Amino acid sequence: MLVKGLFPPNPRILRLSAFVFKSDRMPVTVNSFAKINLGLRIGAARPDGFHELRTVYQTIALHDTIHVQVVRGSGIEIRCADSRVPKDGTNTCYKVVELAMATLRSKGRVVIEIEKRLPVQGGLGGASSNAVATLVALERALKKSLSAADKLRIAAEVGSDLPLFLVGGTVLGIGRGEEVCPLPDLPSVQCVVASPEIGVSTPQAFADWDAMMGAGEAGAEFRSSRTGEDTPRSIAYGKLTLPGNSDRMNKFGRSVASWLSGSTSGVPAGGRGRAETPLLDLVRTGIENDFEKVVFPKYPELREVKSLLERAGAIYASLSGSGSAVYGLFRSQEAARKAAARLRKAGTPAQATTTLKRQQYWKKFLVSRF
Ligand code: C5P
């Protein structure tokens, strides 16, 4: 519904494109944008093997480009110059096309070309975004629409991070991350995305989290970082009751709720006046990404990238998803550009970009039909 509603069909264009489609079947080209996570809380492992999550996703302007074409024949073909991108049935784009073609009862050979610029295994949702971009492009190439419910079902079936890209902008993610809820459209904020050449496996990061939580209650969080010995707090917690997963999840929920009530009521939070933008208000509620606690000890260079961003003036810096991308939010484009240049000079690939509001996300989504 939401996606469909953003592309009101112009009957004249539809008639013209239907003619062109039948005669030469040119590809549909779409931009596949990245996301960052503004805080991420990991909860308990569930019986289905996934973990309960709370996060706020934010789409950003960095993107891949995807071309989708339906030609005579059958099967699915993936073309991509990047050797790290799988071309077989394990590719998320392949999976969504398989499900969508079956749901639509459509026939034809689907050719997907991915122009890869986003990092692979970078925590920016590249593969998930590529799949959703392919899904929406496929509908246009076939001139058939899936219902919003079918699109969400297919997206969630393929991966936890896909549904957010059917919404765009600032999005609350709950469940295993696949239950999404659009949050108020916020003004754009400048940001720098550093993409160290490290691929972090998300399942491994979750397994490391479980091991840490299992090894001594809340693990490192409650231990002295210098000595590794229990702090008085951890001893107290060890003997009594630790803050459970649900307490930690509730705390995240309260942070987001207090931010939302501040940003919608217009009443300054805590009487201290609002920050420059509502997005900066959100990160100032103290939200954190739990993955930092297991990914930083394993890849200390990522912690260093975060502190470099902070030293370069970031108002907030964090690992995105399970990494390896680390982002920083900045007050001005100038500050973001300077910080990105500093990181590159230090040997870390980095780009200055902006967050993308929901409206901008959909406006820039479709590049061309022909
Ligand atoms: O859903 P997605 O394909 O992104 O998940 C990849 C893997 O990450 C899952 O197989 C699971 O091991 C882990 N995961 C998890 N809890 C989540 C999301 C992902 O344990 N909420």
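Higher on the page you've got the structure.
Rules used throughout
Residues numbered from 1 in each chain as written. Predicted model: local features only at pLDDT ≥ 70, side-chain atom pairs only at ≥ 80, totals over all residues. Heavy atoms only, no water. Helix = DSSP H or I, 4+ residues; strand = E, 2+ residues; numbered from the N terminus. Expected span 1.5 Å × (residues − 1). Buried < 20%, exposed > 50% of the residue type's maximum accessible area, 1.4 Å probe, protein only. Arc of directions from axis to C-beta. Contact = heavy atoms within 4.5 Å. Pairing = 2+ DSSP bridges. Axes fitted to C-alpha atoms, helices over the stretch in contact; angles between N-to-C directions. Near = heavy atom within 4 Å. Polar contact = N/O pair within 3.5 Å; in protein donor to acceptor, adjacent residues only side chain to side chain. Areas by Shrake-Rupley, 256 points an atom, 1.4 Å probe, with all protein chains shown as cover. 1 Å grid on protein atoms, 1.4 Å probe; cavity = no way out; pocket = protein on both sides within 12 Å on 5 of 7 lines; lining within 4 Å. Sits in = over half its atoms within 2 Å of the grid points. Core = buried A, V, L, I, M, F, W, Y, C linked by side-chain atoms within 4.5 Å. Disulfide = S-S within 2.5 Å. Salt bridge = Lys/Arg side-chain N within 4 Å of Asp/Glu carboxyl O.

Topic: helix α11 (residues 300-311)
Then, number 1: Its 12 residues place the ends of α11 17 Å apart at the C-alpha level, agreeing with the 16 Å of an ideal helix rising 1.5 Å per residue.
Then, number 2: Three or more residues of α11 are buried, namely L302, V305, K306, L308 and L309. Buried residues along α11 cover an arc of 160° about the axis, so they all sit on one side.
Then, number 3: Each element contacted by the buried residues of α11 is listed here: β7 (190-194), α10 (292-298), β8 (316-319), β9 (326-330) and α12 (333-345).
Then, number 4: Following α11 by one or two positions, G313 has its phi on the positive side, about 105°.

Quick notes on the sheet that holds β8
Then, number 1: With antiparallel pairing, four strands are arranged side by side in an open sheet as β8-β9-β7-β10. Here the strands that pair on one side only, and so sit at the sheet edges, are β8 and β10 (350-354). Sheet twist, expressed as the average angle between the axes of neighbouring strands with direction ignored, equals 20°.
Then, number 2: Bridge analysis of β7 against β10 gives five bridges, and the strand direction is antiparallel. Bridged to V192 within β10 is A352.
Then, number 3: Where α11 meets the sheet, its contacts fall on β7, β8 and β9, and the angle it forms with β9 comes to roughly 10°.

Looking at the site of the ligand
Then, number 1: All residues in the neighbourhood of the ligand are listed as G49, F50, H51, L53, G159, S160, R176, T202, P203 and F206.
Then, number 2: H51 places a side-chain nitrogen or oxygen 2.7 Å from an oxygen atom of the ligand.
Then, number 3: Within the complex, the protein chains bury 71% of what would otherwise be the 450 Å² of accessible surface of the ligand.
Then, number 4: With respect to the detected pockets, the ligand is housed in the largest pocket.

Here we look at the nonpolar core
Then, number 1: With 44 residues, the main nonpolar core has V96, V97, V110, I112, I114 and L138 as its most contacted residues.
Then, number 2: If you list the elements that add at least two residues to this core, you get β1 (28-45), β2 (51-71), β3 (76-80), α3 (92-104), β4 (109-115), α4 (126-142), α5 (148-158) and α13 (358-363).
Then, number 3: Listed in part, the 30 residues of the second largest apolar core include I198, F206, L319 and A340.

Here we look at the state of the cysteines
Then, number 1: In the structure shown here, the tally under the stated rule is zero disulfides.
Then, number 2: Just so you know, C93 is unpaired, no disulfide at all, and the nearest cysteine sulfur is the one on C80, 9.1 Å from it.

Some remarks on the pattern of salt bridges
Then, number 1: Within the structure shown, the criterion is met by 20 salt bridges.
Then, number 2: The closest approach of N and O atoms between E288 and K293, which form a salt bridge, is 3.6 Å.
Then, number 3: On the basis of relative accessibility, which here comes to 40%, the residue E288 falls in the partly exposed class.
Then, number 4: Where R311 meets E304, a salt bridge forms, and the shortest distance between an N and an O atom there is 3.2 Å.
Then, number 5: Residues joined by salt bridges that share partners form a network here, namely R41, R248, E288, D290 and K293.

Details of the environment of K306
Then, number 1: Mapped onto the fold, K306 is located in helix α11.
Then, number 2: Under the relative-accessibility criterion, K306 is labelled buried at 16%.
Then, number 3: Sequence spacing of K306 and S318 is 12 residues, and the spatial spacing of their C-alpha atoms is 6.4 Å.
Then, number 4: Excluding residues that lie within four positions of it along the chain, K306 makes contacts with E292, F296, A317, S318 and V326.

Regarding the environment of A341
Then, number 1: Topologically, A341 is positioned in helix α12.
Then, number 2: Given a relative accessible area of 35%, A341 falls into the partly exposed group.
Then, number 3: In the structure, A341 is positioned 10 residues away from Q351 in sequence and 8.2 Å away in space, judged by C-alpha atoms.

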